[in-house]
Amino acid sequence: MEVQELRSKINNAFLSIAMPAYNEEGNIEHVVREALKVLRSLTSSYEVLVVNDGSSDRTGEILDALAKEDGRIRVIHNSKNVGIGYSSFVIYCNVKGEYLFWNAADNQIYMEELYTLLPHIFANDIVVGNRKQR
């Protein structure tokens, strides 16, 4: 399905890309900017939600600067590293979108995969993707 067709099908629904992040200072800015780029191509109603899971590097600082630059970026900071399970719970409790694309912050799965997964959401309650090879 082409991006324009996806755009018309979601009819400006609020989309969220959310991710937990732990010590991702080398990836996080690129990943968040890619998420914004994909979301902008689909709708004008969106957010990028990142849960900083108690990172000990500059991840939180970079995220705060990005959020200051763009109000559609929301950052939640866990005071200590509590793991992906709890960070995912925080995401699900705070996400605003009608559709949620949950992704990792380490750039192992490109944000453009949303274009592949989103068409399937119209006939399913949940869509799960997994890479064939690492």
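Below you will find a few notes about this structure. In this text the structure is predicted, and so the values were computed from the model without any measurement.

## Here's the deal with the nonpolar core
Next up, step 1: Of all hydrophobic cores here, the largest spans 29 residues; its most connected members are Met 19, Val 32 and Val 48.
Next up, step 2: Looking at this core, the elements that each hand over two or more residues are helix H1 (3-10), strand S1 (15-21), helix H2 (28-42), strand S2 (46-53), helix H3 (59-69) and helix H5 (113-117).
Next up, step 3: At 8 residues, H2 tops the list of elements feeding residues into this core.
Next up, step 4: In contact with Val 32, other than residues within four places in its own chain, are Val 48, Val 50, Leu 63, Leu 66 and Ile 73.
Next up, step 5: Counting 5 residues, the second-largest nonpolar core is a separate cluster that includes Ala 18, Leu 49, Val 51 and Ile 91.

## Quick look at the packing of aromatic side chains
Next up, step 1: Applying the stated criterion to the full structure yields 2 aromatic pairs.
Next up, step 2: Both rings, one in Tyr 86 and one in Phe 89, keep their centres 5.8 Å apart while their planes meet at 40°; by these two values the pair is tilted. With Tyr 86 and Phe 89 both in helix H4 (residues 84-94), this residue pair falls 3 residues apart, about one helical turn.
Next up, step 3: A relative accessible area of 48% places Phe 89 in the partly exposed class.
Next up, step 4: Aromatic side chains Tyr 99 and Phe 122 sit 6.4 Å apart centroid to centroid with 75° between the ring planes, which places their arrangement in the edge-to-face category.

## Description of the packing of H2 against H3
Next up, step 1: The geometry of H2 relative to H3 is characterised by a closest axis approach of 10 Å and an angle of 30° between their N-to-C directions. Relative to H3, the element H2 lies roughly parallel. As for how H2 packs across H3, the hand of that crossing is right-handed. Every residue of H3 that contacts H2 at Ile 28, Glu 29, Val 32 and Arg 33 is listed here: Thr 59, Ile 62, Leu 63, Leu 66 and Glu 69.
Next up, step 2: Looking at the contact of H2 with H3, its residues break down into 5 nonpolar, 1 polar and 3 charged.

## Here's the deal with the pattern of salt bridges
As a working rule, side chains carrying opposite charge can pair if their charged atoms are close by.
Next up, step 1: Overall, the coordinates contain 6 salt bridges when judged by the stated rule.
Next up, step 2: We note a salt bridge from Arg 33 to Glu 29, for which the minimum N-O separation is 3.1 Å. In this pair, Arg 33 and Glu 29 are both assigned in helix H2, 4 residues apart and thus about one turn of the helix distant.
Next up, step 3: A residue is classified by how much of its surface remains accessible, and Glu 29, at 38% relative accessible area, is partly exposed.
Next up, step 4: When the shortest N-O distance is used, the salt bridge between Arg 58 and Glu 61 registers 3.4 Å.
Next up, step 5: Exposure remark for Glu 61: the relative accessible area of 49% places this residue in the partly exposed category.
Next up, step 6: Residues participating in the shared-partner salt-bridge network are Glu 29, Arg 33 and Glu 69.

## Examining the packing of H1 against H2
Next up, step 1: Running from amino to carboxyl end, H1 crosses H2 at an angle of 70°, the nearest separation of the two axes being 8 Å. Judged by the inter-axis angle, H1 sits roughly perpendicular to H2. In this structure, H1 contributes Val 3, Leu 6, Arg 7 and Ile 10 to the contact, and H2 contributes Arg 40, Ser 41 and Leu 42.

## Considering unusual backbone geometry
Next up, step 1: Residues other than glycine seldom take positive phi values, yet Asn 12 does so here, at roughly 60°.
Next up, step 2: Its place among the elements puts Asn 12 in the loop between H1 and S1.
Next up, step 3: Positive phi outside glycine occurs at Asn 23, with the angle close to 50°.
Next up, step 4: Mapped onto the elements of the fold, Asn 23 is located in the loop between S1 and H2.

The rules behind these values
Numbers given for residues are sequential positions, taken from 1 along each chain in its written order. Reporting of local features is limited, given that this is a predicted model, to residues whose pLDDT is at least 70; pairs of side-chain atoms are given and counted only at 80 or more, and all residues count toward the totals for whole chains, interfaces and linings. Side-chain metrics rest on all non-hydrogen atoms present in the structure, leaving aside hydrogens and water. Here the nonpolar core consists of buried residues drawn from Ala, Val, Leu, Ile, Met, Phe, Trp, Tyr and Cys, with membership extended through side-chain atoms lying within 4.5 Å. Whether a residue is buried, partly exposed or exposed follows from its accessible area with a 1.4 Å probe, protein chains only, as a fraction of its type maximum: under 20%, in between, or over 50%, in that order. Helix numbering and strand numbering both begin at the N terminus, where a helix is a DSSP run of H or I of at least 4 residues and a strand a DSSP run of E of at least 2. Throughout, a contact is declared for two residues whenever any of their heavy atoms are within 4.5 Å. Pairing of aromatic side chains here covers Phe, Tyr and the six-membered ring of Trp, requires ring centres within 6.5 Å, and sorts the geometry by plane angle: under 30 degrees stacked, over 60 edge-to-face, intermediate tilted. To get an axis, fit a line to the C-alpha atoms, keeping to the stretch in contact for a helix; angles then go from 0 to 180 degrees between the N-to-C directions. Note that the term roughly parallel is reserved for angles under 35 degrees, roughly antiparallel for angles over 145, roughly perpendicular for angles of 65 to 115, and oblique for everything else. Two helices that cross are described as forming a left-handed crossing if the nearer one is turned anticlockwise from the farther one by less than a right angle, and a right-handed crossing if clockwise. Residue type decides the class: Asp, Glu, Lys and Arg count as charged, Ala, Val, Leu, Ile, Met, Phe, Trp, Tyr, Cys and Pro as nonpolar, and the leftover types, Gly among them, as polar. Any carboxyl oxygen of Asp or Glu that lies within 4 Å of a side-chain nitrogen of Lys or Arg is treated as forming a salt bridge with it.

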